[in-house]
Amino acid sequence: MGRLPDVFKVISVPTTSSSLEHCGAAAVLEGPAASTAAPNLLPAAAPATSASRERVRWGRVVLVALSGVVSHVFGRATMGVLVPAMADGLGLSDTLIGALGSANMGAYFAGVVIVTFTAGRIEPFTLLRAGIVTSTLGLGVIGTATSAAALVIGTALAGLGGGGIWLTAPVIASEGVPASRRGAALGTLTATMGAALIGVPIATTVLRNLAGDDGIWRPIWLAQAALSVVLLAALSVLVRARRTERVAAIGGFGALFRIHGWKRAVAAYMGFAYMTSSFANFLGRALEGDHDFSRTAATLVFSWMGAGSIVGALAFGRLSDRIGRPATMATVMALSAGTGAVLATPAPGALIVVAVVVFGAASFSYPSLTATFVSDHVSDRTFAAVLGSMTMFYGPASVIGPIASGWLADRAGNFNATYGAISAIALMSCICMATTRGSHRETPQHAPVA
């Protein structure tokens, strides 16, 4: 990308408390191109009436947020819950289990590429529904798999659809939400994921107890596929997304490079990718093999992770509205680094559970914090392209994470090195965001009012 001409230069303008209240920004575009360039760079500043400041359609926000359950819980986190039984049933090694995670994240990366380069021509809501359809097909394939090859295909389809879901759900959910409340609203995305993550292990345990077989896993995947179909029908009938402004003159990378602190944000996002693609994927195996948890206890620990993620997603989202996105992102990655360190040691069982809860609270909030960080700087249609551009860097790290972690476990005979590496990489992400200027508070910008 070349250097922007001076006509796009952003300059500060004097503001008063009244102007800040009604405009929500302290910058304007200089030059004759301002009227056409502004929608592509920042969310449109709408008059902040009392209704626009207070009215948030939470029913719509929650329904759209449930799509994240399909991509991140059904299509990804469930693998960690069920993989011990899957490994026993199909004879999977830790390296092969890591390869499943890498296939999922690699396909997710491919989905991100597709969405990034089509976002300017296709409505976000269309991309969202296409992502749910693709992920649902993947869940069905996993639920009927009888070989490792079928598992790879199913997990890849689930990951591919996740790109269409995650790059569009935040902007659809936050439509009409003022920037001063956007962190709380987008925190709902991960809060619903947390609620689902509580339910999956409990439902799995109940089903296994009823059947008297702790090796059951296929019916869980098929039930998730059915629930995804129900959600798709509900979104199609109950949600009406407004048409967004088409973006043809600006690419995702161009807009990304104009965000202050983008290099550190991208580096931190890559560290998060390695961590999140590995931590839960091997958690069940680590709890059973290294920490002497029973299968039932190891399964239910994921519910504690989900409980933590609900609290953390909402709390850290609101905290980011107060102290700024970078400072909050640094905080959650510091906590995540601590949890990895605990899993890498022979800690008592109670401390392990506490660490898992903290990991859920901290790390599950990071995707929505990153989405909010991007949403603070770009317009609705540009959002998917910019977040997609960041995920171009995220993708390789998320593919390397699971297979490298599985390889470390096979080489060491335990998961100490796996979680030690996760802890070190999370600490790197913390440092990146802690040293990003403007960590204390960003000037809020109002989102467009529907």
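The model shown is predicted, which means the values in this text are computed figures rather than measured ones.

Another aspect to go through is the confidence of the model for the protein. Mean pLDDT over the protein: 78, with 77% of residues reaching 70 or higher. No element of the protein has a lower mean pLDDT than strand S2 (residues 27-29), which averages 31, and none a higher one than helix H20 (residues 416-434), which averages 94.

For the rest of this paragraph, the subject is the packing of helix H7 (residues 124-143) against helix H11 (residues 218-238). In contact at an axis separation of 8 Å, H7 and H11 are set at 160° when each is read in the N-to-C sense. In terms of orientation, H7 lies roughly antiparallel with respect to H11. Every pair of crossing elements has a handedness; the one defined by H7 and H11 is left-handed. Taken together, the residues of H11 that come into contact with H7 (itself represented by Phe 125, Leu 128, Arg 129, Ile 132, Val 133, Thr 136, Leu 139, Gly 140, Ile 142 and Gly 143) are Arg 218, Trp 221, Leu 222, Gln 224, Ala 225, Ser 228, Val 229, Leu 232, Leu 235 and Ser 236. Its residues placed into classes, the contact of H7 with H11 shows 12 nonpolar, 6 polar and 2 charged.

Before going further, it helps to spend a moment on the packing of aromatic side chains. The description of an aromatic ring pair rests on the distance of the ring centres and on the angle between the ring planes. Counted by the stated rule, this structure contains 9 aromatic pairs. Ring centres of Tyr 269 and Phe 272 lie 6.4 Å apart, and the angle between their planes is 0°; on these two criteria the pair is classed as stacked. One end of the pair, Tyr 269, and the other, Phe 272, are both in helix H13 (residues 262-279), 3 residues apart, so they sit about a helical turn from each other. With relative accessibility at 2%, the residue Tyr 269 sits in the buried group. On the basis of relative accessibility, which here comes to 2%, the residue Phe 272 falls in the buried class. The interplanar angle of 40° and the centroid separation of 5.8 Å between the aromatic rings of Phe 282 and Phe 415 together place this pair among those described as tilted. One end of the pair, Phe 282, is in the loop between H13 and helix H14 (283-289); the other, Phe 415, is in the loop between helix H19 (380-412) and H20, and 133 residues separate them in sequence.

Cut-offs applied
Residues numbered from 1 in each chain as written. Predicted model: local features only at pLDDT ≥ 70, side-chain atom pairs only at ≥ 80, totals over all residues. Heavy atoms only, no water. pLDDT = per-residue confidence, 0-100. Helix = DSSP H or I, 4+ residues; strand = E, 2+ residues; numbered from the N terminus. Axes fitted to C-alpha atoms, helices over the stretch in contact; angles between N-to-C directions. Parallel < 35°, antiparallel > 145°, perpendicular 65-115°, else oblique. Left-handed = near helix turned anticlockwise from the far one by under 90°. Contact = heavy atoms within 4.5 Å. Nonpolar A, V, L, I, M, F, W, Y, C, P; charged D, E, K, R; others polar. Phe/Tyr/Trp six-rings, centres within 6.5 Å; stacked < 30°, edge-to-face > 60°. Buried < 20%, exposed > 50% of the residue type's maximum accessible area, 1.4 Å probe, protein only.

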